[in-house]
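In case you want the letters, here they are:
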Amino acid sequence: QVGFEILDSPGAALLPPGQSLQLEVTFTPSSRGSLLDQLRVVSDDPDEPQVNIPLSGTGIGPVIQTPPSLNFGDVPLGSLPALRSVNIANAGTAPLALFGVQVVGINFHQNGILDEVLLPGASMDFGLAYTPDDIGADQGSLRIQSDDPDRPETVVALLGNGVAPAGGAQRP
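Everything numeric in this text was worked out from a predicted model, so none of it was measured.

Calculation criteria
- Residues numbered from 1 in each chain as written.
- Predicted model: local features only at pLDDT ≥ 70, side-chain atom pairs only at ≥ 80, totals over all residues.
- Heavy atoms only, no water.
- Core = buried A, V, L, I, M, F, W, Y, C linked by side-chain atoms within 4.5 Å.
- Buried < 20%, exposed > 50% of the residue type's maximum accessible area, 1.4 Å probe, protein only.
- Helix = DSSP H or I, 4+ residues; strand = E, 2+ residues; numbered from the N terminus.
- Contact = heavy atoms within 4.5 Å.
- Patch = residues over 30% accessible without salt bridge, like charges linked within 9 Å, V, L, I, M, F, W, Y side chains within 5 Å.
- Areas by Shrake-Rupley, 256 points an atom, 1.4 Å probe, with all protein chains shown as cover.
- Salt bridge = Lys/Arg side-chain N within 4 Å of Asp/Glu carboxyl O.
- Lys, Arg positive; Asp, Glu negative; His and termini not counted.
- Charge placed at Lys NZ, Arg CZ, Asp CG, Glu CD.
- Pairing = 2+ DSSP bridges.
- Polar contact = N/O pair within 3.5 Å; in protein donor to acceptor, adjacent residues only side chain to side chain.

1. Things to note about the nonpolar core
If you look at the biggest cluster of nonpolar residues, it comprises 22 residues, and the most contacted ones within it are Ile 88, Leu 98, Leu 128 and Leu 142. Looking at this core, the elements that each hand over two or more residues are strand S6 (69-76), strand S7 (82-90), strand S8 (96-104), strand S11 (123-130), strand S12 (136-146) and strand S13 (153-163). With residues near it in sequence (within four places) discarded, Leu 128 still touches Leu 70, Phe 72, Ala 82, Leu 83, Arg 84, Val 86, Val 103, His 109, Gln 110, Asn 111, Leu 142 and Leu 158.

Right, here's the structure in full:
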């Protein structure tokens, strides 16, 4: 189903010579991008028993873009939190509503809330912090909720590595 529909189709109609019939066609795309279809008119005209009328339209919608992961690198225990940001962009052709975020992972934290609308082509940075509580690798995720019909939840992997502070001393 491409998304074209005839409103109030008369079905079969008898047209006297010189008369016309106007049809209203709506377009409700089921996907983004260029969409093509045709309206086929069948008649008893011996010269043109069938006429195909091309129909075209462009389905628009938001498209969220984020990096697949964000790496905080090595962060010494006891230091200030490592701060990074994830760039969130709208690569679509309609506004993108961002209405929720969840950070999963004990040592990762969000800086602020996410309740924005990004116009097509716009982007924003969303801040995150990482504070390791022991030596070793940590993994988490940032889960972003939006109205992108293909990706209502987008997941960005979060990575960080707790290392011993300079001089080798560790927090108690």
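Read on for the rest.
2. A few points about a negative patch on the surface
On the surface, a cluster of negative charge is contributed by Asp 44, Asp 45, Asp 47 and Glu 48. Structurally, Glu 48 is set in the loop between strand S3 (33-42) and strand S4 (50-59). Classification of Glu 48 by relative accessible area gives partly exposed; the value is 48%.

3. A closer look at the environment of Thr 26
One can find Thr 26 in strand S2 (residues 24-27). In this structure Thr 26 comes out as partly exposed when scored by relative accessible area, which is 24%. In this structure the C-alpha to C-alpha distance between Thr 26 and Pro 16, which are 10 residues apart in sequence, comes to 27 Å. With residues up to four places along the chain from it excluded, the contact list for Thr 26 reads Gly 3, Phe 4, Glu 5 and Leu 7.

4. Considering the pairing of S7
The sheet contact formed by strand S5 (residues 64-65) and S7 spans two bridges and is antiparallel. When the sheet's bridge partners are listed, Gln 65 is paired in S7 with Ala 89. Taken together, the eight bridges between S7 and S11 define a ladder with antiparallel strand orientation. Residue pairing in the sheet places Asn 87 in a bridge with Asp 125 of S11.

5. Section: the side chain of Asp 138
Mapped onto the secondary structure, Asp 138 falls in strand S12. Given a relative accessible area of 12%, Asp 138 falls into the buried group. Within the structure, Asp 138 has its side chain in polar contact with the side chain of Asn 107 (distance 3.1 Å). Within the structure, the side chain of Asp 138 is placed 2.6 Å from the side chain of Tyr 130, a separation counted as a polar contact. Residues in contact with Asp 138, not counting those within four places in the same chain, are Asn 107, Phe 108, Tyr 130, Pro 132, Leu 158, Leu 159 and Gly 160.

6. Focus on the sheet that holds strand S9 (residues 108-111)
The sheet built from four strands is open, its strands ordered S5-S7-S11-S9 with antiparallel pairing. At either margin of the open sheet sits one strand with a lone partner, and together these are S5 and S9. Where S9 lies against S11, four bridges are found, and the strand directions are antiparallel. Counted as the bridge partner of Asn 111 is Gly 127 from S11.

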